[in-house]
Amino acid sequence: MRWGSWGAALGLAGLLAVAVALPPVVKIGAIFTEDQRDSATELAFKYAVYKINKDKTLLPYTSLVYDIQYVPRDDSFHASKKACNQVQFGVHAVFGPSDPLLGAHIHSICDALDIPHLEARLDLDTDVREFSINLHPAQHLLNTAFQDVMAFLNWTKVAIIYEEDYGLIKLRELVRSPHNHDLEIHLRQADPESYRAVLKEIKSKEIHNIVIDTKPSNMQHFLKGILQLQMNDYKYHYLFTTFDMETFDLEDFKYNFVNMTAFRVVDVADLAVQEVLRDMARFQASLGSGVQANASYIQAEAALIYDSVFVFAIGLQTLEQSHTLRLSNVSCDKEQPWDGGLSLINYINSVEFKGLSGPIEFKEGRRIQFKLDLLKLKQHALVKVGEWRPGAGVNITDRAAFFDPGTMNVTLVVTTILEQPYVMLKTQDHLVGNERYEGFCIDLLREIASMVGFEYRIELVPDSKYGVIDLETGEWNGIVRQLMDKKADLAVGSMTINYARESVIDFTKPFMNLGISILFKVPTDKESAFFSFLNPLGYDIWIFVGGAFFMSSFTLFTLARFTPYEWVYPQPWKRNNYLVNQLSMSNSFWFITGTLLRQTSGVNPQATSTRIVGGIWWFFTLIIISSYTANLAAFLTVERMITPIENAEDLAGQTEIPYGTLESGSTMTFFRDSMIETYKKMWRFMENRKPSVFVPTYEEGIQKVLEGNYAFLMESTMLDYIVQRDCNLTQIGGLLDSKGYGIATPMGSPWRDKISLAILELQEKGEIQMLYDKWWKNTGETCSRNDKGKESKANSLGVDNIGGVFVVLLCGLAFAVIIAICEFCYNSKKNAITEKRSASAPHQSLCSEMGGELCFALRCRGSRQRPALRRQCSKCLPGATYVPAMLDIPPHPPQPPTRAPPTNGLSAHVCPEDTALNAEFFQRDRLMIPLELQHHIPHPLRQEMDN
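This is a predicted model, so every value here is computed, not measured.

*Asks:* How should the overall build of the protein chain be read in this particular structure?
*Replies:* Each helix and strand counted, the protein chain has 33 helices and 33 strands in total. In the protein chain, of all internal contacts separated by at least 6 residues, the share reaching a separation of at least 24 is 72%. Roughly 46,900 Å² of accessible area belongs to the protein chain as shown, and the carbon and sulfur atoms make up 54% of that amount.

*Asks:* Sorry if this is basic, but what is going on with the pattern of salt bridges here?
*Replies:* Side chains that differ in charge, positive against negative, can pair when their charged atoms come close. Summed over all chains, the structure comprises 35 salt bridges. In this structure, arginine 121 and glutamate 119 form a salt bridge, with 2.4 Å as the shortest nitrogen-oxygen distance. Pair check on accessibility: arginine 121 and glutamate 119 agree, each one buried. Between lysine 426 and glutamate 435 there is a salt bridge; the shortest N-O distance is 3.9 Å. Residues joined in a network through salt bridges with shared partners are Glu246, Arg264, Asp267, Lys371, Asp373, Lys384, Glu387 and Arg389.

*Asks:* Sorry, what's going on with the sheet that holds strand β27 (residues 659–660) here?
*Replies:* Think of a sheet as strands paired side by side through backbone hydrogen bonds, with each pair either parallel or antiparallel. Strands sit in the order β27-β28-β24-β29 across an open sheet of 4 strands; the sheet is mixed. The sheet terminates laterally at β27 and β29 (729–732), the two strands that pair on one side only. As paired elements, strand β24 (residues 516–521) and β29 share 4 bridges and run antiparallel to each other. Within β29, the position partnered with lysine 521 by the bridge is leucine 729.

*Asks:* What's the story with the packing of helix α15 (residues 440–452) against helix α27 (residues 767–776) in this structure? I'm lost.
*Replies:* Between two packed helices, the angle of one axis relative to the other and the distance separating the axes together describe the packing. Contact geometry of α15 with α27 gives a least axis separation of 10 Å together with a crossing angle of 155 degrees. Of the possible angle classes, the one that applies to α15 and α27 is roughly antiparallel. Considering only the axes of α15 and α27, their crossing is right-handed. Where α15 abuts α27, its residues Phe440, Asp443 and Leu444 lie against Ile768, Leu771, Tyr772, Lys774, Trp775 and Trp776. In terms of residue class, the contact of α15 with α27 is built from 7 nonpolar, no polar and 2 charged.

*Asks:* So what exactly am I meant to see when it comes to the sheet that holds strand β7 (residues 184–189) here?
*Replies:* Sheet architecture is open: 8 strands sit in the order β7-β6-β8-β9-β10-β14-β15-β16, paired in mixed fashion. Unpaired on one side and paired on the other, β7 and β16 (393–396) mark the two borders of the sheet. This sheet shows a mean twist of 25 degrees between the axes of neighbouring strands, independent of strand direction. Here strand β14 (residues 372–377) runs beside strand β15 (residues 382–389); their pairing, made up of 6 bridges, is antiparallel. In the strand pairing of β15, leucine 374 is matched with glycine 386. Sitting on the sheet, helix α9 (residues 219–228) touches β6 (157–162), β8 (209–213), β9 (237–240) and β10 (259–264), and the angle it makes with β9 is about 175 degrees.

*Asks:* So what exactly am I meant to see when it comes to the environment of histidine 323 here?
*Replies:* Relative to the elements of secondary structure, histidine 323 occurs in the loop between α12 (300–319) and α13 (341–349). For histidine 323, a relative accessible area of 33% gives the class partly exposed. Residues histidine 323 and alanine 21, 302 residues apart in the sequence, show an inter-C-alpha distance of 6.3 Å. Not counting the four nearest positions on each side in its chain, histidine 323 is found in contact with Ala21, Ser343 and Tyr347.

*Asks:* Looking at this structure, I do not really get the pairing of strand β12 (residues 358–363). What am I missing?
*Replies:* In summary, the side chains of a regular strand alternate between the two faces of the sheet. As paired elements, strand β11 (residues 352–355) and β12 share 4 bridges and run antiparallel to each other. Residue phenylalanine 353 lies in a different strand from β12, and its bridge partner there is isoleucine 360. The loop that links β11 with its antiparallel partner β12 comprises 2 residues. Summarising the sheet, β12 and strand β13 (residues 366–369) pair through 3 bridges and their orientation is antiparallel. Across the sheet, the residue bridging to phenylalanine 362 is arginine 367, located in β13.

*Asks:* Could you clarify how one ought to interpret the state of the cysteines in this entry?
*Replies:* In a disulfide, the sulfur atoms of two cysteines are covalently bonded to one another. Taken as a whole, this structure holds 1 disulfide when the rule is applied. Here cysteine 84 is linked by a disulfide to cysteine 332, with a sulfur-sulfur distance of 2.2 Å. Across the S-S bond of cysteine 84 and cysteine 332 the torsion is about -105 degrees, and the bridge reads as left-handed. Residue cysteine 84 is located in helix α3 (residues 76–89), and its partner cysteine 332 is located in the loop between α12 and α13; the two are separated by 248 residues in the primary sequence. The thiol sulfur of cysteine 825 is not disulfide-bonded, and the nearest other cysteine sulfur, from cysteine 822, lies at 6.7 Å.

*Asks:* Teacher, can you tell me more about helix α22 (residues 666–673) here?
*Replies:* An α-helix turns once per 3.6 residues; consequently, residues spaced three or four apart project the same way. Summarising burial for α22: 7 of the 8 residues are buried, a large majority. Inspection of α22 places Ser666, Thr667, Met668, Thr669, Phe670, Phe671 and Arg672 among the buried residues, and these make up the whole buried set. Against the buried residues of α22 lie α17 (499–502), β24, α23 (677–688), β28 (711–715) and β30 (739–741).

*Asks:* Can you help me understand the environment of serine 503 in this one?
*Replies:* Its location among the elements puts serine 503 in the loop between α17 and β22 (505–507). Along the primary structure serine 503 and aspartate 182 are separated by 321 residues, whereas in three dimensions their C-alpha atoms are 9.6 Å apart. Of the polar contacts made by the side chain of serine 503, one reaches the backbone oxygen of alanine 500; its length is 2.5 Å.

*Asks:* Even after reading the chapter, I still don't get the packing of α22 against α23, so can you show me in this structure?
*Replies:* It is at 7 Å that the axes of α22 and α23 come closest, and there the two elements cross at 115 degrees. By the angle between their directions, the pair α22 and α23 is classed as roughly perpendicular. Counted together, Met668, Phe670, Phe671 and Arg672 of α22 and Tyr679, Met682, Trp683 and Met686 of α23 form the full contact between these two elements. The class makeup of the residues in the contact of α22 with α23 is 7 nonpolar, no polar and 1 charged.

*Asks:* What is the right way to look at the nonpolar core in this model?
*Replies:* In this structure, Phe45, Phe95 and Phe312 are the most contacted members of the largest nonpolar core, which totals 101 residues. Here the element with the most residues in this core is α12; it accounts for 14 residues. Ranked by size, the runner-up nonpolar core spans 65 residues in total, among them Tyr234, Val480, Ala491 and Ile702.

*Asks:* Whenever I open this one, the confidence of the model for the protein chain confuses me. Can you help?
*Replies:* Of all residues in the protein chain, 79% attain a pLDDT of 70 or more, and the chain-wide mean is 79. In this model, residues 874–892 is a region of pLDDT below 50 whose contacts with residues beyond four sequence positions or in other chains number 49 contacts. Taken together, the stretch residues 896–928 has pLDDT below 50 and engages in 43 contacts with residues farther than four places along the chain or on a different chain.

*Asks:* Any chance you could explain the packing of aromatic side chains here in plain terms?
*Replies:* For any two aromatic rings, the description comes down to two numbers: the centre-to-centre distance and the angle of the planes. On inspection of all chains with the given rule, the structure shows 36 aromatic pairs. Aromatic pair tyrosine 698 and phenylalanine 712: ring centres 6.0 Å apart, planes at 75 degrees, arrangement edge-to-face. Residue tyrosine 698 is found in helix α24 (residues 698–707), and its partner phenylalanine 712 is found in strand β28; the two are separated by 14 residues along the sequence. Neither residue differs from the other here; tyrosine 698 and phenylalanine 712 are each classed as buried.

*Asks:* Explain helix α25 (residues 716–723) here, please?
*Replies:* Burial of α25 is extensive: 7 of the 8 residues sit out of reach of the surface. Those residues of α25 that sit buried are Ser716, Thr717, Met718, Leu719, Tyr721, Ile722 and Val723.

*Asks:* Sorry if this is basic, but what is going on with unusual backbone geometry here?
*Replies:* Glycine aside, residues mostly have negative phi angles, and peptide bonds mostly take the trans form. Residue proline 97 is bonded to the preceding glycine 96 through a cis peptide linkage, with omega at -5 degrees. On the secondary structure map, proline 97 appears in the loop between β3 (94–95) and α4 (100–113). Backbone torsion omega between glutamine 420 and proline 421 reads -10 degrees, so that peptide bond is classified as cis. Looking at where proline 421 falls in the secondary structure, it is placed in the loop between β17 (411–416) and β18 (424–425). One non-glycine residue, aspartate 74, lies in positive phi territory at about 70 degrees. By the secondary structure assignment, aspartate 74 is in the loop between β2 (63–71) and α3. Under the relative-accessibility criterion, aspartate 74 is labelled exposed at 52%. The residue aspartate 114 is not glycine, and still its phi comes out positive at about 60 degrees.

Conventions we followed
Numbers given for residues are sequential positions, taken from 1 along each chain in its written order. Residue-level local features of this predicted model are given only where pLDDT is at least 70; pairs of side-chain atoms are given and counted only at 80 or more, and the full residue set underlies all totals for whole chains, interfaces and linings. Only heavy atoms go into the side-chain values, all of them from the structure, while hydrogens and water stay out. For helices the rule is a DSSP run of H or I covering at least 4 residues; for strands it is a run of E covering at least 2, with both sets numbered from the N terminus onward. The contact rule is simple, with two residues in contact once any of their heavy atoms fall within 4.5 Å. Calculation of accessible area relied on Shrake-Rupley with a 1.4 Å probe; when residues are assessed, cover is drawn exclusively from the protein chains displayed. The term salt bridge refers to a pairing of a side-chain nitrogen on Lys or Arg with a carboxyl oxygen on Asp or Glu at a separation within 4 Å. Residue burial is assigned from relative accessible area. The probe radius is 1.4 Å, only protein chains are included, and a residue is buried under 20% of its type maximum, exposed over 50%, and partly exposed in between. Strands qualify as paired when DSSP identifies two bridges or more between them. Helix axes are fitted only over the stretch in contact, all axes being lines through C-alpha atoms; the angle between N-to-C directions runs from 0 to 180 degrees. Working rule for angles: under 35 degrees goes down as roughly parallel, over 145 as roughly antiparallel, 65 to 115 as roughly perpendicular, anything else as oblique. By definition, any crossing whose near helix is turned counterclockwise from its far helix by less than a right angle is left-handed, and any crossing with a clockwise turn is right-handed. Three classes are used, and their members are as follows: Ala, Val, Leu, Ile, Met, Phe, Trp, Tyr, Cys and Pro are nonpolar, Asp, Glu, Lys and Arg are charged, and the others, Gly among them, are polar. What counts as a disulfide here is a pair of cysteine sulfur atoms lying within 2.5 Å. Identification of polar contacts relies on pairs of N or O atoms within 3.5 Å, with a donor-acceptor requirement for protein atoms, meaning one able to donate a hydrogen and the other able to accept it, and with residues adjacent in sequence counted only if both atoms are side-chain atoms. Here the nonpolar core consists of buried residues drawn from Ala, Val, Leu, Ile, Met, Phe, Trp, Tyr and Cys, with membership extended through side-chain atoms lying within 4.5 Å. As a per-residue measure, pLDDT tells how confident the predictor is, with possible values from 0 to 100. Working definition: rings of Phe, Tyr and Trp (its six-membered ring) pair if their centres are within 6.5 Å, and the pair is stacked with planes under 30 degrees apart, edge-to-face with planes over 60 apart, and tilted otherwise.

Here it is in structure tokens:
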């Protein structure tokens, strides 16, 4: 119980401390101009004090008492006197006035006496004011908001109309901003008497975007001038700097689809704001003043003054928690500052809350947090289409509001050029208006018009040019000139998007992508030459084949002479002791020739070395003949397109074939402005031959190509259309660049973004591709051609293709030579060993034996008998007969009776070296049968052997 009493005592002391922290009555002063007497601003100030005093949750023990003084506008002397009177009255804060001149004087007094000064006016002074709290958004932030809106609307040319010199100072940041270096700005000062003259001048300069900064009281005069000059259609866009656009009578503009845009600081759609407005209307009715409050709308100045009173009250509430507020005797005469003013202004500066004007936050007395609603005039009323916040930029929630013409009956002038298949005249007679035209762009325009919602009238450009700038005069021609002069609203056709055009007109998103290519006449087939069968192999290959032929023949002949295994008896069954070589010079060439031509020659190598030569030659001829046959088939089956040029580099590297482009077109501009050396060289060539290489229309360019010896540089889509309908024309090379076709509009046109969205939607649905197929491929006019790509062209085989077979041939020949040398050495050594074992034969050294064999092979001594046989036997048996070895001869035949020698004096002598001789015969698979055994051979066989 003791502790409970002590706690109660502490609670009571706390309440008493709170009670004494703030005085029971806090005085505040307000200064309004005479024209604000009984105005919505004064009503909002009184209602704010009333609501704070009535709602005891904010200041439960304190009531606010206000003192209102009225001064003439621009009368700073009386305003200063009124402020000093309020200071002497003991006010803790001063509110107002809204006039810039008066506000500066009042602030100087408050700053000298350390009394908080709460303002709701536009202050252009950027210096920090210590005792000032301003709820009006800073002008540099508002200028940023205007810049963001103009950038979203893609404004490039704008007029700013201001009424007072103060207005020019307000918008100077808008004019000097580095972000607007591409924005053409025209400044005009006007008053109610000169509104019409200024608007007439703006209309004559074809400026359709206007920023208006005039007094709200004179706004109706300005709107009247717009109506009188008939500047109230969809082409014009007005951006107002006032926050009270909803208070103006815009009935005459709603149904003409005039673009009117403005910001507001009070979101009347907010439920809390609506509740405050209804309660304020009831409060006004209770006062019985002559001003009737609007329960659905409040002016920006009234909302800001209402929020300023609440900011002061919240600052007091925060102050009473830690400080005691006392007001000493302060007056303008003593110039003694208030001790508690600095603490109070600091607490007010730290206030953060949401008021009628949105979120509120301060930094050094300047408001840094707020929200602006972007309003746009529609058919029924001004509607919110987005919002802007500091640091976040503009956020458009209803993009269609700026580009949607609604259901208005708008007819746009569409300029174009006749060009297949984009825009063409129909062949039917008695057609008028848009029905006279057909083509890809006509169908595309019809689809876009139905999606966007406008009517159109097609007109042909007078000079039949797309538009190019004259470098000497700087003037544009063609379609670009028409759009720049506002003589047309749209340009539909094969209009190429490039930098030069984009700098003076606007383009939508591209509806077709393409590039520059070369149109050329299909060359006639080259006449077949008499010796065209030589084409499959290159000239160097034919020379190498001939060299290989002679080298292989000579190698075969040489090795056959060199190796002993190519020397055979011509008739082994007869009594002759000489050897012959079948691979003579003529037979060697004949063997090589027959093999090359895939025929038999009747001559076959016997030695290993010569067989290697034959085998490697067969392999060589297999590769050569197979390669020749395969490439000959390609030459006979593939029609070769012989063109003098294959790409742009070939075209630039010659001067015999002239080439050109369409005059005053984007292709000509591409070559003229290109920094690529090849294209610069081509432009110099075309410029030197001007005007013969340039054509005014595509039809003339195509006709020049058909006449021959001319290449036409044109855009790939048009080239594809022509090539598919004329088989005498073809495309050379690939694309030289990449670009797109778009629909052109005047600079800053409100139709550009809407048409771009329609184009993107048509592309996603495949409608544009269907239109392309309709006019390019499905017209029934395409020609039938057997296109053969350049990749199927047959080329002559070179050394890099089949040169390896020659290497294999050389290796094979070298290997055969090595084998022949080994055979020669082996045979010579064998003969030398055999003679050493024989006592009767003269002995020869290995070197002598090899020398003799070499001389025999080369026929140096004219002998037809090998040296070993000549030494072994000077006279061979005359009766010896050769028979095959497989004959069935008895192993021990009976000895025949001896016969007398022949009577002619000749006797048969058997060489003493019968054994060695018979051994050589057995090497040849032959058998030598003496005369004594011949009677055992059957008579028919013996007769055949004798023959």
